[in-house]
Amino acid sequence: MDLNLLAQALVSGILAAGLYALVSVGLALAIGVIGIVNFAHGEFFMIGAFLAYQLFVSFGIDPVWSLLLVAPALGLIGALIYTSTIRFVLKAPELNQMLLTFGIGIILTNMALLIWGGDPRTIAGIAYRSIGYQVGGVSIGLVPLASFVISFTLVLGLYWMLARTPIGRAMRAVAQNRTGAALVGLEVNRVYLVAFALSAALAGIGGVMIAVIQSPTPGVGLAFTLKAFAIVVVAGLGNIRGVLFASLFVAISESLVATLVPNGDTLRNAVFFAIIFAVLVWRSRRVA
Amino acid sequence: MSAPAAASRAEARRGPFPWDLLGVVVLAIIAAFTPDLLRFVFDRASVSYLSIASNALSLAILALSWDMLARTGNLSLAHAAFYGAGAYTTALLVKHADVPLWLGIPLGGVVAVAFALLLGSFTLRLRGIYFAIATLAFAEVLKSVVHHAPTDFAGGNAGMNVPALFRPVFIAGEMERWEVAYMRNEAYFYVYAGLLVATVLASILLQRSRLRHAMTAMRTNEEVAGVMGVRATRVKLLAFTLSSAFVGMLGAVEAHRVGSVLPEQSFSVATTVLALVTPIFGGLYTTLGPIVGAFGLSSVQELLRRTFADGYLIGYGVVLVLTILFMPRGVVGTLGTFFRRRRKGAQR
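From a predicted model like this one, the values you see are computed outputs, not experimental measurements.

Secondary structure summary: chain B contains 16 helices and two strands in total. For chain B, the C-alpha radius of gyration of 22 Å lies close to 20 Å, the compact-globule estimate for 348 residues. The C-alpha extent of chain B, read off along each of the three principal axes, is 75 × 50 × 40 Å. For chain B, the proportion of its 348 residues judged to be buried stands at 46%.

This is the structure we're talking about:
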């Protein structure tokens, strides 16, 4: 076994985990606080990526600055979707909620297909894209490193917000007991709105980063919805704190398979789904 | 004694009039004459109209078979897996075994059932969203496995060619060129119609049997249903079997009609999306709902496909969102409530 290769796989896995955690934590927030299983979550991510691309192509705005523009834009889109649709199915059967977000996801994907087409889009000609460092035989790209640091900081920031700030406390209260929170005077609907907008904004920030790391197509939305689901399921639905560890677990296993199994790079997705399936089935058997 | 009471007693003795079975007979008769009627009205253009009609029948089979499993309260996102299993079975048979072409269709159903029972027995204890995600994961794993199977076995990314089931011969002087295409499409149309009739019969028998109540109980609360004596495991596996058998055969027939199987196409998430949007639009947990939904959505799709090239699926998203928000019980459910209210109003 080539130790260098193993180290490289581990490092790539850890770096990827940051972005995964950022996207998944938003989904966990929607599930944990609002109780909505959002199948359209990855589409916020995808829209973030394509907004960054469009800002770069039309106005020459560097993706680093797009981060600051895309986050509020996605927050606004999330708030709009919440007030126009999600708000009405909060008490509907779970099936209806899932199907509603599924439908929203289909609309957003196909809107992107109509606007940008199905080809991959690259943000070309950014100097820092090709910068990398060598640390003892392991190469680390600047962009993945930066995305890891930004994501990690944001996720920790979210944890801090949930623990220490009034709105964070309100979210935890609403998550625990909707009626109880309303009785002690919390505006439940407003808390939900903030949580959903925040969830979308976090996904959007992740999207800007993927636009620099890869050359995304509109299909990236569904792919990341599924990845985020894998992570959230491994962490336990609604468990926001577990997301960080679950991201590490999933990202590292993905990276190890991609590197160590011959022809493994294309098997990445299968790894994700095999993990989800195994975890779900295993848990359901253990409980009973 | 009033007349209605006597009528209802007579009804109780003989059972209610089987409107549903009569409906199947009427549908079958209409289907039998559809190709000739289309040809009479549209002449040469009937070739493409027949193929649109086949698409609608195919969507109805897809939707109704999905609904049969949904009745137990399980939202499956693995329908594309069974469809793809059927498609690949017939393609593999053609490539590796010297058997008659038509044999791939029943065997496609059998293989789909095998996968469904495998998935079903693993996911027995999963509920709601967990079940949905697990089935989606299963479908994606199966897609990846097919994708990465040895190329000389299953064709890999490029897929495999599948020969057509019907090859009408062109006889110069006796018929025109387009009639060859017409005869081929006509033959496929009858295959789809036959499969749909079989699916509808299965669905009706299910609805008329005691299983209907077992399924409704499971949908409401599986634990309670179990306590009341519903053999939940058996019912669920039976629903998996019926649901996958028909969609597996459908996948096999479509493989022959399209002429190829590809991992991305045969196991496409879009198939699953169609399978669940259609019954929701038409009306869940009924026989009529998915069929109404299929004919409604096929028409919408034909219109959209002509306007947009790429993202025409957006129509399905819009339909799904609007249906959930404004008529969560689907077209059939909403119309049913509407007519019942009117009848009550008339009595008063």
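Attention now moves to the overall build of chain A. Summing up its helical and strand segments, chain A has eleven helices and two strands in all. For chain A, the N- to C-terminal ordering of α and β elements is α-α-α-α-β-β-α-α-α-α-α-α-α. In terms of C-alpha radius of gyration, chain A reaches 19 Å, essentially the compact-globule figure of 19 Å for 288 residues. Taking the principal axes of its C-alpha atoms as reference, chain A extends roughly 60 × 55 × 35 Å. When the 288 residues of chain A are sorted by exposure, 49% land in the buried category. Long-range pairs, those at least 24 residues apart, make up 77% of the contacts in chain A between residues at least 6 apart in sequence.

In summary, the side chains of a regular strand alternate between the two faces of the sheet. Residues and elements named next belong to chain A. Here strand β1 (residues 132-135) runs beside strand β2 (residues 138-141); their pairing, made up of four bridges, is antiparallel. Following the sheet pairing, tyrosine 133 is matched in β2 by isoleucine 140. As consecutive antiparallel partners, β1 and β2 are separated by two residues, and within that stretch glycine 136 has a phi angle of approximately 50°, a positive value.

What follows deals with unusual backbone geometry. Residues and elements named next belong to chain B. Unlike most non-glycine residues, aspartate 43 shows phi in positive territory, near 55°. Within the secondary structure, aspartate 43 is located in the loop between α2 (19-42) and α3 (46-70). You will see that tyrosine 285, though not glycine, has its phi angle at about 60°, which is positive. Tracing the backbone shows tyrosine 285 in the loop between α13 (269-282) and α14 (288-307). Overall, tyrosine 285 belongs to the buried group, with 22 C-beta atoms counted inside 10 Å.

Below, the discussion takes up the interface of chain B and chain A. Taken together, the contacts link 34 residues of chain B with 38 residues of chain A. If you list the elements that add at least two residues to the side of chain B that touches chain A, you get α6 (128-148), α13 and α15 (314-326) of chain B. Looking at the side of chain B that touches chain A element by element, the count peaks at 13 residues for α6(B). Across the side of chain B that touches chain A, the residue classes tally to 25 nonpolar, six polar and three charged.

With 19 residues, helix α5 (residues 104-122) of chain B should cover 27 Å at 1.5 Å per step; its first-to-last C-alpha distance of 27 Å lies within 8% of that length. Among all positions in α5(B), only B:Gly104, B:Ile105, B:Leu107, B:Gly108, B:Gly109, B:Val111, B:Ala112, B:Val113, B:Phe115, B:Ala116, B:Leu119 and B:Gly120 are buried.

Attention now goes to the packing of α2(B) against helix α8 (residues 177-208) of chain B. All names here are of chain B. Taken N-terminus to C-terminus, the directions of α2 and α8 make an angle of 175°; their axes are 11 Å apart at the nearest point. Relative to α8, the element α2 is oriented roughly antiparallel. Contacts between α2 and α8 involve Asp20, Leu21, Val24, Ala28, Ala31, Pro35 and Arg39 from the former and Tyr182, Glu186, Phe189, Ala193, Val197, Val200, Leu201 and Ile204 from the latter. Looking at side-chain class alone, the contact of α2 with α8 contains twelve nonpolar, no polar and three charged residues.

Now for the environment of B:Gly293. Residues and elements named next belong to chain B. Note that glycine 293 resides in helix α14. Sequence separation between glycine 293 and glycine 173 is 120 residues, and the spatial gap between their C-alpha atoms is 43 Å. Excluding residues within four positions of it along the chain, glycine 293 makes contact with Ala63, Thr278, Pro279, Phe281, Gly282, Gly330 and Val331.

Time to look at α2(B). Residues and elements named next belong to chain B. When the terminal C-alpha atoms of α2 are compared, their 32 Å separation across 24 residues agrees well with the 34 Å that a helix rising 1.5 Å per residue should span. Largest kink in α2: about 45°, centred on threonine 34, with the proline proline 35 one to four residues after it. Little of α2 sits inside the fold, with two of its 24 residues counted as buried. Phi turns positive, to about 55°, at aspartate 43, one or two residues after α2.

What follows is about the packing of helix α2 (residues 41-59) of chain A against helix α3 (residues 63-84) of chain A. All names here are of chain A. Between α2 and α3, the shortest axis-to-axis distance is 9 Å and the interhelical angle comes to 135°. One finds that α2 runs oblique with respect to α3. For the pair α2 and α3, the sense of crossing is right-handed. Contacts from Phe44, Ile47, Gly48, Leu51, Ala52, Leu55 and Phe56 in α2 reach Pro63, Ser66, Leu69, Val70, Ala73, Leu74, Ile77 and Gly78 in α3. Residue classes in the contact of α2 with α3 are distributed as twelve nonpolar, three polar and no charged.

Another point: the environment of B:Ile291. Residue and element names in this part refer to chain B. Inspection of the secondary structure assignment puts isoleucine 291 in helix α14. For isoleucine 291 and leucine 196, which are 95 residues apart along the polypeptide, the C-alpha to C-alpha distance reads 9.5 Å. For isoleucine 291, the contacting residues outside a window of four places in its chain are Ala60, Leu64 and Gly282.

All names here are of chain B. For alanine 87, the location among the structural elements is in helix α4 (residues 79-96). Along the sequence, alanine 87 and alanine 70 sit 17 residues apart, while their C-alpha atoms lie 22 Å from each other. What alanine 87 contacts, discounting residues up to four positions off in sequence, is Gly108, Gly251, Ala252, Glu254, Ala255, Val261 and Ser266.

What counts and how
Residues numbered from 1 in each chain as written. Chains lettered and ligands numbered in written order. Predicted model: local features only at pLDDT ≥ 70, side-chain atom pairs only at ≥ 80, totals over all residues. Helix = DSSP H or I, 4+ residues; strand = E, 2+ residues; numbered from the N terminus. Rg over C-alpha atoms; globule rule 2.2 N^0.38 Å. Buried ≥ 20, exposed ≤ 12 C-beta atoms within 10 Å, placed from the backbone. Contact = placed C-beta atoms within 7 Å. Pairing = 2+ DSSP bridges. Nonpolar A, V, L, I, M, F, W, Y, C, P; charged D, E, K, R; others polar. Expected span 1.5 Å × (residues − 1). Axes fitted to C-alpha atoms, helices over the stretch in contact; angles between N-to-C directions. Parallel < 35°, antiparallel > 145°, perpendicular 65-115°, else oblique. Bend = angle between axes of the 7 residues up to and from the residue. Left-handed = near helix turned anticlockwise from the far one by under 90°.

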